[in-house]
Every structure is written in structure tokens, then in C-alpha cells.
Amino acid sequence: MKLIASAAALMLCSSVYAQVIPSERQQTCNELSGIVAAGATWRDNFVPFSVAEANLDRALQDTKTPLNLWGQWTAELAKVYGSKITAEKVQQSLLARCH
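Let's shift gears to the nonpolar core. By size, the foremost hydrophobic cluster in this structure holds 19 residues, and its most contacted members are L32, V36, L56, L60, W73 and V90. Residue assignment for this core shows that the elements contributing at least two residues are α2 (24–44), α3 (49–62), α4 (67–81) and α5 (87–98). Contacts of V90, omitting those with residues within four sequence positions, involve V36, A37, V80 and I85.

See below:
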């Protein structure tokens, strides 16, 4: 009987953890959203776009993001650099797309 109770507890814990721990795709999206949001700070500190783009490219490589999605992330960073939006607003907007 203890074995059955333990198995039930393990299954419950597994389902709880599955809901709490984001998928690998969500984690990647969260990380890239943070990089793009950091673009607002870089922009405000006069960091050249080419440096911000290199930072994003490094993150895209590290997360093994498919090449066909790189343009979308770079476009988001370019939008940030061409605006006065805050990092917080950028991150809110992008994170909403991750989940």
C-alpha cells in the first residue's frame, strides 16, 4: 500500500513541477525577451546597435534558436532602438508571447 501511495505522490509532484517549470522553448523565449528588453537600456546608454545586435546574435546561437526566427528577434531589437519604450514594457510585451 505504501508503494502505491508513493507512486501517487510522485505522479502528483511530477504534474506540479511540469506546471511550474517552463518548457525549454519558453525558457529560450524568456531569455531572448530579456536580451531584447535590455536593448532599451543599451539604447539609452548610447551603445551602438551593432553591439546590441551582436549580443542578441550570441544569445540566439547559445539557445540554438532556429535561423528562420533570427530575423524576428532582430526586428524586435531594431524596434526598441527606434523608439523610447522602456525595458519593462518591452519585456512585458514579449513575455506575453512566450506563454
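With that settled, consider the layout of surface pockets. One water molecule sets the probe size; rolling that probe over the atoms shows where empty space is left. In this structure, the largest pocket encloses a volume near 450 Å³. Contributing to the lining of the largest pocket are 18 residues, with R25, C29, L32, L69 and W73 lying nearest its centre. A class-by-class count of the residues in the lining of the largest pocket yields seven nonpolar, five polar and six charged.

Between the first and last C-alpha of α4 there are 22 Å, a value that for 15 residues agrees with the 21 Å anticipated at 1.5 Å per step. What α4 keeps buried is the set W70, W73, T74, E76, L77, V80 and Y81. On an axial view of α4, the arc spanned by its buried residues comes to 155°, and they lie on one face. Away from its buried face by more than 90 degrees, α4 exposes N68, Q72 and K79.

Attention now moves to α5. For α5, with 12 residues, the first-to-last C-alpha span of 16 Å sits near the 16 Å given by 1.5 Å per residue. Among all positions of α5, only A87, V90, L94 and C98 are buried. Projected down its long axis, α5 shows its buried positions confined to an angular sector of 75°, all on one face. Residues of α5 that are exposed and point over 90 degrees away from its buried face: E88, K89, Q92 and A96. The inward-facing, buried residues of α5 abut α2 and α4.

It is worth spelling out the environment of E76 at this point. For E76, the location among the structural elements is in helix α4. Residue classification places E76 among the buried positions, given a relative accessible area of 16%. Considering only alpha carbons, one finds E76 and L94, 18 residues apart in sequence, at a separation of 9.0 Å. The residues contacting E76, other than those within four sequence positions of it, are V36, L94 and R97.

Inspection of the secondary structure puts H99 in the segment after α5. What makes H99 exposed here is its relative accessible area of 60%. Between the alpha carbons of H99 and C29 there is a distance of 8.8 Å; along the sequence they are 70 residues apart. Contacts of H99, omitting those with residues within four sequence positions, involve Q26 and N30.

Rules and cut-offs
- Residues numbered from 1 in each chain as written.
- Predicted model: local features only at pLDDT ≥ 70, side-chain atom pairs only at ≥ 80, totals over all residues.
- Heavy atoms only, no water.
- Core = buried A, V, L, I, M, F, W, Y, C linked by side-chain atoms within 4.5 Å.
- Buried < 20%, exposed > 50% of the residue type's maximum accessible area, 1.4 Å probe, protein only.
- Helix = DSSP H or I, 4+ residues; strand = E, 2+ residues; numbered from the N terminus.
- Contact = heavy atoms within 4.5 Å.
- 1 Å grid on protein atoms, 1.4 Å probe; cavity = no way out; pocket = protein on both sides within 12 Å on 5 of 7 lines; lining within 4 Å.
- Points joined across faces, edges and corners; volume = space filled by probe spheres on them.
- Nonpolar A, V, L, I, M, F, W, Y, C, P; charged D, E, K, R; others polar.
- Expected span 1.5 Å × (residues − 1).
- Arc of directions from axis to C-beta.

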